[in-house]
Amino acid sequence: MSEDRISRRTFLKGLGTSALAFGFSTFLRRQSAFAQDPSINFLTIQDPFFFSYEELLSEFEEETGIQVKLQGRSTDEIHAELVNSFVAEQKGLDVVGIDQMWLSQYAENKWIIPLDEYIKDDNDEFKPEELVPEVIHSMNEWRGSIYSIPSCAYTMLSFYRKDLFEEAGLTPPPEQQEDWWTWDKHLEYVRELDKLEDVDGTVIVGASPVPIVHMYSQLQASKGARWFEQFPESPWDFTPTINSAENREALEAYKELYDHSPAESISYVWFDAGTAFSTQDIGLYYWWTSYAYLMRRAGYMSDEKSPNFGKIDYGVIPHQPEVDQLTSIGGFSFGIPRYSQSKNEAWEFIKWASSTETQKKMAVTEPQLFSDFYREPLYEDEELEELYPWLPVQREAFAKGNGKLVRPPIPIYTTLEGFYGSELNKVLAGNKSPEKALEDTQKNFETTLKQNFYIPDYSGEDYNDTLENTEKLLQDLAS
Amino acid sequence: MKRKFGPFLFLLPSIGLLMAILLYPLGFSLFYSFQNWNLQISPIPQGFVGFTNYVMAFRDPHFLTSLTNTMFITFISTTLQLVLGMGIALLLNARLKGTSLVRTLIILPVTIAPLVVGFIFRYMLYSDGVLSFILRTLGFSLPEAGILGSGATAIWAIIFTDTWQWTPFFAIILLAGLQAIPTHILEAAKVDGASGLQVFWYIMLPHLKFVLSIVLMIRFMKTFNLFDIIHILTRGGPGAATRTLSYNLYYAGLRYFNVGYASALAWIMIAIVIVLINIYIAIAFKEKEL
């Protein structure tokens, strides 16, 4: 055997030494990781609040010594990624961003933990009494427990162009509900504004399946149409009521709103409508409150100022006579996955991120794109009101809000919404009449609800899920 | 005996690996296609339901439209890519001035993620986008709802976008095939007085036949599963005008988390592709042993 050839024994020795060295270095790395500051992984959607947190995270890390690894995802990605990680029982996520429509699915499958104990133990610091109860009821409470804490909360406002209203000689939408400000009046205004030269009366969101349901469900709820016979109040009866006279009226009105919108709004998603309103000549529309600050820019999160800056004003959304007004509430929240191994650190982060102080900092820090508050003191802050003048109208809208009635967050909501959105879009495309679309939606709801044991008799236990009960829960947690 | 089984023993690890990464997921999805497993309701399967998921799929009002759209997009898009790709390959093979630069640039669309391509085309296809402007300037009358907002044009926008991205793939592969044709055959044909068309038809095409068949098959299967571009451009709308089978599968599996139903849909798609590909193989490769 020549000298420069490696013998089998030498090779094995070398291999063994390398394996030992690798094992030892891994051990050392782990030891040093334990010795380092604790860290948490926070996965959430890249809505505006994400960028505000990004700016402020270092403050939390300095205060607590907990390192935060922030990861952003699009709406389309995050739900699938979260469910996959839960099913695989992955331990890598400590704080997750949850859409209110997924809360019941995550809670019923025990993928996230209830936060009641954390809140109660820390109530002097967390201050549950400051939370806007309508928001918590809509977004965070399920079967009498708080499973998540909001990161941002949206409701609906009317947005209008002051200059175009003046030109058309119209009275602006009020800042508090008034008898004259009805959906019929809204439609009448849209028709009038549409007559102005090169002006679209309104803009709708038409893309199926999710975006269109977000906008349409507000009109449906205001008109008094509901998804089910009885939910969320007990006894739960999931017999669908989607094919009702009120809903037909709402859908006909929505179709007419589309007729006065830019024609391509049939494929508009959330920010397309906002961008159209902030850059084109459109008279009046209703949409999520976050667009109040987003429309100051020429595009979604753009650095460029909107050409309509200073021309846009706000009012409450219209109501339907003889029907109790109901506004939609939506948004994202923080939850702690059952498989997290740093639950206490995760709670520390949530407590910091949802505090009045942090929320205010998010609002005043450049680029000043955050007014999605859910704590009362922030609505009484003069500095914030100066920065975000629509805050009083937003608080008024929250007071009429119930997200659970507008879009019932039952575990199979996403499936129902998918079919519904697709049918609504067909009405705009002229493929179906409102009657036929609602008839087909009703049939599909019945099939889906039967397959999943919701009807004829709900197989699970119900819960009297009312705002009053959420208020009691918050009082209990505060005491 | 040793000689008989020896080679198979050496092949066992590869076969084992193949089984693990290919057959296990397929078997897994086949098994769950007969189960009631909806992650919205329960983290574990709720029991055997026979062919219920398959029946649900065929009864879905969008199934037939999705199947028709899938076949339409697949056939038209693959054909366009083949014809255009062949044209580009012939031009590049002619070694005209600037060919080497074009050859480098032409591969760029293939390297871009389909999602990004979707976003780029979405903005270009909007009413105030550059493509809409060009089409209007050329005298085309565009739908009021925009190219993506009308059922009649949205599907063509998807075909156009997919064709833009994948034509270079055809071009590069076919160019490699063209350059592999022995030059003495082409020169002999020219000496014999064959026209350019005759050289293409009687010499190039027969030589390219095998490469062409393979690349066509790959693109057919990829386009059949087209999803990203549709998701960004139209989300299956307006109405159900651009819904495809893979789009339905995405919604069933990753939006509604109905694992049983999504598995059944996946198996229906697998069955369709297997049938079509086998017919294609029988025709395209009848003289070759595969």
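For the structure, see preceding data.
Report on the accompanying structure. The structure displayed is predicted, hence computed values, not measured ones.

Looking at the overall build of chain B
The helix and strand tally for chain B stands at 13 helices and zero strands. Scanning chain B from its N terminus toward the C terminus, one meets helices and strands in the order α-α-α-α-α-α-α-α-α-α-α-α-α. Over its C-alpha atoms, taken along the principal directions, chain B stretches across nearly 75 × 75 × 30 Å. Within chain B, buried positions represent 46% of all 290 residues. Contacts in chain B between residues far apart in sequence, at least 24 positions, make up 70% of those at least 6 positions apart. On chain B, roughly 15600 Å² of surface is accessible, and the fraction owed to carbon and sulfur atoms is 74%. Averaged over its 18 positive side-chain charges, chain B has a centre that lies 9 Å from the centre of its 9 negative ones.

As for the overall build of chain A
Across its full length, chain A holds 22 helices and eleven strands. Against the 2.2 N^0.38 benchmark of 23 Å for 479 residues, chain A shows a C-alpha radius of gyration of 25 Å, consistent with a compact globule. For chain A, with 479 residues in total, the buried portion stands at 59%. Accessible area of chain A: about 19300 Å², with a carbon and sulfur share of 47%. In chain A, the 42 positive side-chain charges and the 82 negative ones have mean positions that sit 9 Å from each other.

A short note on the packing of aromatic side chains
The description of an aromatic ring pair rests on the distance of the ring centres and on the angle between the ring planes. The full count for this structure, using the stated rule, is 75 aromatic pairs over all chains. On the numbers, 6.1 Å between centres and 80 degrees between planes, the contact of F373 of chain A with Y379 of chain A is edge-to-face. For the pair F373 of chain A and Y379 of chain A, a shared accessibility class is recorded, and that class is buried. Ring plane angle 65 degrees and centroid distance 4.5 Å describe the contact between F28 of chain B and Y32 of chain B, whose orientation is recorded as edge-to-face. One end of the pair, F28 of chain B, and the other, Y32 of chain B, are both in helix α1 (residues 2-32), four residues apart, so they sit about a helical turn from each other. Of the residues examined, F28 of chain B reaches a relative accessible area of 34% and is grouped as partly exposed. Using a relative accessible area of 15% as the deciding quantity, one classes Y32 of chain B as buried. Over the face of the ring belonging to F126 of chain A we find R375 of chain A, whose NZ or CZ atom lies 4.9 Å from the ring centre. The cationic tip of R395 of chain A hangs over the ring face of Y379 of chain A; the distance from NZ or CZ to the ring centre is 6.0 Å.

Overview of the nonpolar core
Judged by nonpolar contacts, the single largest core of 156 residues is most densely connected at F159, Y254 and F349 of chain A. Per element, the largest residue contribution to this core is eight residues, and it comes from strand β6 (residues 149-161) of chain A. Judged by nonpolar contacts, the second largest core, of 21 residues, contains A57, M217, W267 and I277 of chain B.

Looking at the layout of surface pockets
Empty space within the second largest pocket amounts to approximately 740 Å³. F419, N444 and T448 of chain A together with D60 and P61 of chain B are, among the 30 residues lining the second largest pocket, the residues nearest its centre. When residues in the lining of the second largest pocket are grouped by element, the largest group, six residues, is from helix α21 (residues 434-451) of chain A. Looking at side-chain class alone, the lining of the second largest pocket contains ten nonpolar, 13 polar and seven charged residues.

Notes on the pairing of strand β9 (residues 284-288) of chain A
All names here are of chain A. Here β9 lies mainly inside the structure; five of its five residues are buried. Relative to β9, β6 runs antiparallel, the two sharing five bridges. Bridge pairing in β9 places Y160 opposite L284.

So, the packing of helix α6 (residues 114-125) of chain B against helix α7 (residues 130-137) of chain B
All names here are of chain B. Packing of α6 against α7 leaves a shortest axis separation of 4 Å and a crossing angle of 45 degrees. With respect to α7, the element α6 is oriented oblique. On α7, the residues touching F121, M124 and L125 of α6 are V130, L131 and S132. Partitioning the contact of α6 with α7 into residue classes produces five nonpolar, one polar and no charged.

Description of empty space enclosed by the protein
Residues and elements named next belong to chain A. Per the stated rule, a full pass over the model turns up five cavities of 30 Å³ or more. Here the largest cavity is characterised by a volume of approximately 70 Å³. In terms of lining residues, the largest cavity is bounded by Q177, V316, I317, Q325, T327, E396, A397 and K400. Per-class residue counts for the lining of the largest cavity are three nonpolar, three polar and two charged.

With respect to the environment of W164 of chain B
All names here are of chain B. Of note, W164 is situated in helix α8 (residues 151-179). Residues W164 and V110, spaced 54 residues apart in sequence, show a C-alpha to C-alpha distance of 9.0 Å. Other than its neighbours up to four places away in sequence, W164 contacts P109, I112, V117 and F121.

Details of the interface of chain A and chain B
With 37 residues of chain A at the contact, the number on the chain B side is 32 residues. Buried surface at the junction of chain A and chain B, summed over both partners, amounts to about 2900 Å²; 52% is from carbon and sulfur atoms. Contact with chain B buries area across many residues of chain A, yet D76, N109 and E264 of chain A alone supply 19% of it, more than any other trio. Counting across the interface, chain A meets chain B through one salt bridge. The closest approach of N and O atoms between R122 of chain B and D272 of chain A, which form a salt bridge, is 2.6 Å. On inspection of chain A and its partner chain B, the count reaches ten residue pairs in polar contact (both at pLDDT 80 or more).

Calculation criteria
Residues numbered from 1 in each chain as written. Chains lettered and ligands numbered in written order. Predicted model: local features only at pLDDT ≥ 70, side-chain atom pairs only at ≥ 80, totals over all residues. Heavy atoms only, no water. Helix = DSSP H or I, 4+ residues; strand = E, 2+ residues; numbered from the N terminus. Buried < 20%, exposed > 50% of the residue type's maximum accessible area, 1.4 Å probe, protein only. Contact = heavy atoms within 4.5 Å. Areas by Shrake-Rupley, 256 points an atom, 1.4 Å probe, with all protein chains shown as cover. Lys, Arg positive; Asp, Glu negative; His and termini not counted. Charge placed at Lys NZ, Arg CZ, Asp CG, Glu CD. Rg over C-alpha atoms; globule rule 2.2 N^0.38 Å. Phe/Tyr/Trp six-rings, centres within 6.5 Å; stacked < 30°, edge-to-face > 60°. Lys NZ or Arg CZ within 6 Å of the ring centre and 35° of its normal. Core = buried A, V, L, I, M, F, W, Y, C linked by side-chain atoms within 4.5 Å. 1 Å grid on protein atoms, 1.4 Å probe; cavity = no way out; pocket = protein on both sides within 12 Å on 5 of 7 lines; lining within 4 Å. Points joined across faces, edges and corners; volume = space filled by probe spheres on them. Nonpolar A, V, L, I, M, F, W, Y, C, P; charged D, E, K, R; others polar. Pairing = 2+ DSSP bridges. Axes fitted to C-alpha atoms, helices over the stretch in contact; angles between N-to-C directions. Parallel < 35°, antiparallel > 145°, perpendicular 65-115°, else oblique. Buried area = accessible area lost by both parts, 1.4 Å probe. Salt bridge = Lys/Arg side-chain N within 4 Å of Asp/Glu carboxyl O. Polar contact = N/O pair within 3.5 Å; in protein donor to acceptor, adjacent residues only side chain to side chain.

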